[in-house]
Number of protein chains: 4
Amino acid sequence: MIRVAILGATGYTALELLRILLRHPDVQVTALTSRAETGHVVDVHPSLAGRLDLRFENLSPHELAARADVCFCCLPHVASMESVPALLSAGLRVIDLSADYRLNDASVYEQWYGHAHTDSARLGQTVYGLPELFGERIAGQNLIANPGCYTSTSILALAPLLVGGWIQPTGIIIDAKSGVSGAGRTPKTNILYSECNESISAYSVGTHRHQPEIEQVLSEASGHSVEVLFTPHLTPMDRGILATIYAHPKRAASLGELTTAVREFYSGKPFIRIVEHLPRTKDVAHTNYCDIAVRIVRDRVVVLAVLDNLIKGAAGVAVQNFNLMCGFAETTALIV
Amino acid sequence: MIRVAILGATGYTALELLRILLRHPDVQVTALTSRAETGHVVDVHPSLAGRLDLRFENLSPHELAARADVCFCCLPHVASMESVPALLSAGLRVIDLSADYRLNDASVYEQWYGHAHTDSARLGQTVYGLPELFGERIAGQNLIANPGCYTSTSILALAPLLVGGWIQPTGIIIDAKSGVSGAGRTPKTNILYSECNESISAYSVGTHRHQPEIEQVLSEASGHSVEVLFTPHLTPMDRGILATIYAHPKRAASLGELTTAVREFYSGKPFIRIVEHLPRTKDVAHTNYCDIAVRIVRDRVVVLAVLDNLIKGAAGVAVQNFNLMCGFAETTALIV
Amino acid sequence: MIRVAILGATGYTALELLRILLRHPDVQVTALTSRAETGHVVDVHPSLAGRLDLRFENLSPHELAARADVCFCCLPHVASMESVPALLSAGLRVIDLSADYRLNDASVYEQWYGHAHTDSARLGQTVYGLPELFGERIAGQNLIANPGCYTSTSILALAPLLVGGWIQPTGIIIDAKSGVSGAGRTPKTNILYSECNESISAYSVGTHRHQPEIEQVLSEASGHSVEVLFTPHLTPMDRGILATIYAHPKRAASLGELTTAVREFYSGKPFIRIVEHLPRTKDVAHTNYCDIAVRIVRDRVVVLAVLDNLIKGAAGVAVQNFNLMCGFAETTALIV
Amino acid sequence: MIRVAILGATGYTALELLRILLRHPDVQVTALTSRAETGHVVDVHPSLAGRLDLRFENLSPHELAARADVCFCCLPHVASMESVPALLSAGLRVIDLSADYRLNDASVYEQWYGHAHTDSARLGQTVYGLPELFGERIAGQNLIANPGCYTSTSILALAPLLVGGWIQPTGIIIDAKSGVSGAGRTPKTNILYSECNESISAYSVGTHRHQPEIEQVLSEASGHSVEVLFTPHLTPMDRGILATIYAHPKRAASLGELTTAVREFYSGKPFIRIVEHLPRTKDVAHTNYCDIAVRIVRDRVVVLAVLDNLIKGAAGVAVQNFNLMCGFAETTALIV
């Protein structure tokens, strides 16, 4: 039985983590931290009534290490890199859901996040927790950088075609649509119901922080310098991401060849489904699946990928990483 | 041409007021106030791009009086009664959209709002701005208390049957469902998209402040001491209120008699529509209409009423009051 | 391993049944029937891609009996009573999700459903599958009448207070709000997105077929002749029912006493949660829980209950019945 | 006073037309046709209760000509070209909202719509009713082809930059997101509430009929052979279209130059607003505005445009065409 703590446990990702971990046969959740909240878990997450008898606490790394073996760190960026070194020193294994350990280069981090990185020695040394690409490196790690939600969708859609040399590594357009839960649970005007409902809009055009992450991971995976234009959109739904991706073919290929290439790339990967139909975010809601379809339109390859931003885009993949890290079957607690 | 100012102009009601006043042939909007916001109107209300070239300002009553003849006061309660006396003294006519001048009794105000009333001399002297009931008193007034949204829905549904002696004044149950815009635009966790979407729940059961307002006005209108049990619900939609109301009949009546009674009560009232079908909030969205239907089920009279909480429940009725106050046709700018 | 067939497997309830049964350790789904559909399950239910390799078939009772031990019958009413006798004769055990075996009296059935009952000998003999009330009768049955969604919500909320003699059995008002999935998957104008979205309305006021079912079961459970006024509302959300219920107290009681009475009534029932806060449909979405809260307002007892209409209101309780019928732990596959 | 008839008056576009025409000072709506419906307008459009006392009728062209001067034809494609010649012969002026008279080439029509065109002599002779581009040709016409909703959004966004030679005419990607009302009011499974809600997906990838229309009009306007890759998406909201468009620059230009070019192109056009912020569909909902913003990201020009698919994308532009056709001010009844 692995004892698990969740840091920053009041948000939506933490709630999904709790739901998954409560059904994990080898896990006991032993601590939930929050800086602001001191109440019972049910006060913040009423859907967990009767499921878990814990309160939110403000715990030091040593207090946490006394109670838990593994930490899921759901703190925001910056807060995360301020906590992780001490957690590791205290002997905890950490799955970090923030962006703080995803990028390899401290200057790129500083450029996109506006903060100097305070634990830069770990950049480039930390395994990027996308199991479909880097699964064999995850076992035995003490720190995993859990990927971003838009990032996972984009990388899972593009990796097979880039690695296989089917599409050009530059000129790629990723037009992504996300549900509102991706923006978190801290009250802000732009995520009020009456602002988001009945409305779709782009945001952070050309400036979203998932762009360098996508490029870094795809470049590393494919051996080519990948360049994408990434446009996120806020969509009036709770959860789900759809990425509609446009790429130039690198060599002539039929739709059958492309689909087969993607299918074979993910052969044996339990959470990737290559589908014939056009995927809907609803088809993967509340699951750890990523559904991918390919089309050829005129002179372009169009890839469509959907996943649940809170599950496969955050909490689900975190548990997938946890399973690999700790030697459990990859799908434990993740196929329901 | 009447010069109009809006106080507290950053919220949803103010936005709807602006939309209506921009099409009013006898109005010029000359000032928008805000304590926090100093930008251009389009920064807060992008739907007004190109419609209105004003900035938010923090103006004193005298500055306002120099610019405007009539003020729509969209401040929250307490803030309103702190401003209104000075506005009136400065010579402005005021339509107050807060709750501060709706109740007749300072002690009832203090009990439900938790603040001593600081302008209690005007309580009981201020006309309650529900034109269908008190229209003839509005002309020429300098201060109008604009009614609450749940209140208007409930009163419009019940007044004809109570005044006509068709139903018992006690034991009335009002089960009301409102869209989220009724909760305002100040960021709070409970009105985030990801909290409200895909969810309905009751709130303030037995403690909502519109209950004493409903009872006061219906008691005054009918001459009986009216008692209601009022339950509001937060519904996943932008706008609209549906009140489903259950009352005991006072004397035997057919559905035809009841419907006729309601229809005759509102004869000549342009914004009340007595309908045969079961009304939907969508049917009155973005309009100043209130649709009402009556049913008899077993031993109860069931009244169903819908209106748009931001229009007929707030900004629309405010302009209706403005029209009557200033001598314009009641429907000016309100039927589109 | 129990072999299971689903009849009428193209609808939303069948989809939820499949999701639950796919995680049931003692079940193998062996047949899916449809009169109209002949394709693969993924063509109709794309969320099941890769989960289940079955096609829809039009199978006779004997073909079904050769393949399955238990049938979940998701046919509409009338179609169900035309099929169930032959299924039973062929040796299948049946959980019927239609209304055909819920009422005890053929004349009541005919009055509310507009069809003469063609298998009336089984009326009054069939166990009503609400495990929290009739759990001990379910083991070993060959036919279970699975309850309606509004019905379950209403009965679970009211039974403890009626059975305990805390509230009057008459004059009860049930104001219920349901998500749109409760209306099924057959295309009709009134359930189009553009009709339901941004709108709430009552429907079937005084004529909804769940009313006699609620009264029958509560009368049977409490030993009093229960009379309710039931008003359903179509709410703009996928799933969830909230019942806001108003009853007259039968004897003086504090809120503490009432809450304790409800809690004790459901002691040991794993899917009923008595909560202090006002329950939201979102808190029970995708779960088999029913959350119940009690309030006293003026002279009324107000009970609020929420459940997921497709799970605890249909597919979840069906599997709960299945578990009891077949001797599995009641919660098998139902707490995730 | 112009007498107006609406053909195919039961759909969403017809409802919006009615709302607009009811406030038009120079219009009297005198006939509504439907093949299936014979009831009163309020039976189908309850929001029009009390506004219009007409029934749906099945009228011949000659009966229509006796009652009306101008017809808005809201029939589906094919049905439209079967009706329009007789309407014109009977002396009516026609604004056709179907696709039947938009394309210049009968073979292109046949290829994309799967029907031989039966009135092909009028193809290429009919003015395409996009007033911002072809306004000066509209006055005095007897037949106008009202543009498609995706088409208008895309053309309005791209025309200034293509005409001005700022972007390449090929390699353009249009990623468009539409609310569900664009799919009409005929019951089909894919537009049920429970299918669309909480889901976004692409559809008709590479095969949507608005693609050739966009290319034809933009080629004609710019004098270059324009090629676009158009991907529509079904978005969980009632109304609104957002087009996110990616183009290659043709010559070096700053964001300021591009924005100015677009602004000047639409100088004097009352319904086009060039905005600095990223536009949201909500900002133009229920209006005849199209909001456009430009960005430069890496080596691409990104144009974002929003409009209300039922108003500026259908009924609003139809009335704009009507105003120009009949000599009324272009904005009559369209700015509220």
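Definitions and limits used
Residues numbered from 1 in each chain as written. Chains lettered and ligands numbered in written order. Predicted model: local features only at pLDDT ≥ 70, side-chain atom pairs only at ≥ 80, totals over all residues. Contact = placed C-beta atoms within 7 Å. Nonpolar A, V, L, I, M, F, W, Y, C, P; charged D, E, K, R; others polar. Least-squares fit on C-alpha atoms with pLDDT ≥ 70 in both. Pairing = 2+ DSSP bridges. Helix = DSSP H or I, 4+ residues; strand = E, 2+ residues; numbered from the N terminus. Axes fitted to C-alpha atoms, helices over the stretch in contact; angles between N-to-C directions. Parallel < 35°, antiparallel > 145°, perpendicular 65-115°, else oblique. Left-handed = near helix turned anticlockwise from the far one by under 90°. Buried ≥ 20, exposed ≤ 12 C-beta atoms within 10 Å, placed from the backbone. Domains from an automatic or database assignment.

On the side of chain D, 15 residues touch chain C, which itself brings 15 residues to the contact. Broken down by class, the residue content of the side of chain C that touches chain D amounts to 7 nonpolar, 4 polar and 4 charged.

Time to look at the relation of the copies chain D and chain A. Once chain D has been moved 0.0 Å along the axis and rotated by 180°, it coincides with chain A to within an RMSD of 0.0 Å. What the rotation and shift describe, once combined, is the action of a two-fold rotation axis. Every residue of chain D has its C-alpha some distance from the rotation axis, and the shortest such distance is that of D:Pro236, at 3.2 Å. The fraction of interface residues of chain D whose copies in chain A are also interface residues reaches 100%, indicating that both copies meet through the same surface.

The two copies are related by a screw operation: chain C maps onto chain D through 180° of rotation and 0.0 Å of translation along the axis, at an RMSD of 0.0 Å. A share of 100% of the interface residues of chain C reappears at the interface of chain D, consistent with the copies meeting face to face through the same patch.

With that settled, consider the sheet that holds strand S10 (residues 228-234) of chain D. All names here are of chain D. Read from one edge of the open sheet, 7 strands run S9-S10-S8-S11-S14-S13-S12, paired in mixed fashion. Bordering the open sheet on either side are strand S9 (201-202) and strand S12 (272-274), each of which pairs with just one other strand. Here strand S11 (residues 241-247) pairs with strand S14 (residues 300-307) via 7 bridges, running antiparallel. If you follow Ile 241 over to S14, its bridge partner there is Leu 307. Along the sheet face, helix H10 (residues 255-265) touches S12, strand S13 (290-297) and S14 and points at about 160° away from the line of S13.

All names here are of chain A. Strands sit in the order S9-S10-S8-S11-S14-S13-S12 across an open sheet of 7 strands; the sheet is mixed. What marks the edges here is a single partner per strand, and that holds for strand S9 (201-202) and strand S12 (272-274). Running over the sheet, helix H10 (residues 255-265) touches S12, strand S13 (290-297) and strand S14 (300-307) and is turned about 160° from S13.

Let us now look at the environment of B:Ser120. You can see B:Ser120 is positioned in the loop between helix H5 (106-113) and strand S6 (127-128). Spatially, the C-alpha atoms of B:Ser120 and B:Leu103 are 9.8 Å apart, while their sequence positions differ by 17 residues.

Packed helices, taken two at a time, are described by the angle between their axes plus the distance between the axes. Residues and elements named next belong to chain D. Helix H9 (residues 210-222) packs onto helix H7 (residues 149-163) with a crossing angle of 30° between their chain directions and a minimal axis gap of 10 Å. It follows that H7 is roughly parallel to H9 by the angle criterion. Crossing handedness for the pair H7 and H9: right-handed. Residues Tyr 150, Thr 151, Ser 154, Ile 155, Leu 158, Ala 159, Leu 162 and Val 163 of H7 form the contact with H9, whose participating residues are His 210, Glu 213, Ile 214, Val 217, Leu 218, Ala 221 and Ser 222. Per-class residue counts for the contact of H7 with H9 are 10 nonpolar, 4 polar and 1 charged.

On to the interface of chain D and chain A, then. Often the size quoted for an interface is simply the accessible area lost on bringing the parts together. At the interface, 33 residues of chain D touch 33 residues of chain A. Among the secondary structure elements, those contributing two or more residues to the side of chain D that touches chain A are strand S8 (172-178), S9, S10, S11, S13 and S14 of chain D. Tallied by class, residues from the side of chain D that touches chain A come to 16 nonpolar, 8 polar and 9 charged.

This part takes up the pairing of strand S2 (residues 27-33) of chain B. All names here are of chain B. Counting buried residues in S2 gives 5 out of 7 residues, a clear majority hidden from the surface. Sheet analysis places strand S1 (residues 2-7) next to S2, joined by 6 bridges and oriented parallel. From the neighbouring strand, Ile 2 faces S2, where its bridge partner is Val 27. Where S2 meets strand S3 (residues 56-57), 2 bridges bridge the pair, whose relative direction is parallel.

All names here are of chain A. Considered domain by domain, chain A is made up of domain 1 (2-147 + 313-326) and domain 2 (150-309). The gap between the C-alpha centroids of domain 1 and domain 2 is 24 Å. In this complex, domain 1 contributes 20 residues to the contact, which on the side of domain 2 involves 23 residues. Among the secondary structure elements, those contributing two or more residues to the side of domain 1 that touches domain 2 are helix H5 (106-113), helix H6 (131-138) and helix H11 (311-326). Per-element tally for the side of domain 1 that touches domain 2: the top contributor is H11, with 5 residues. Residue classes in the side of domain 1 that touches domain 2 are distributed as 12 nonpolar, 6 polar and 2 charged.

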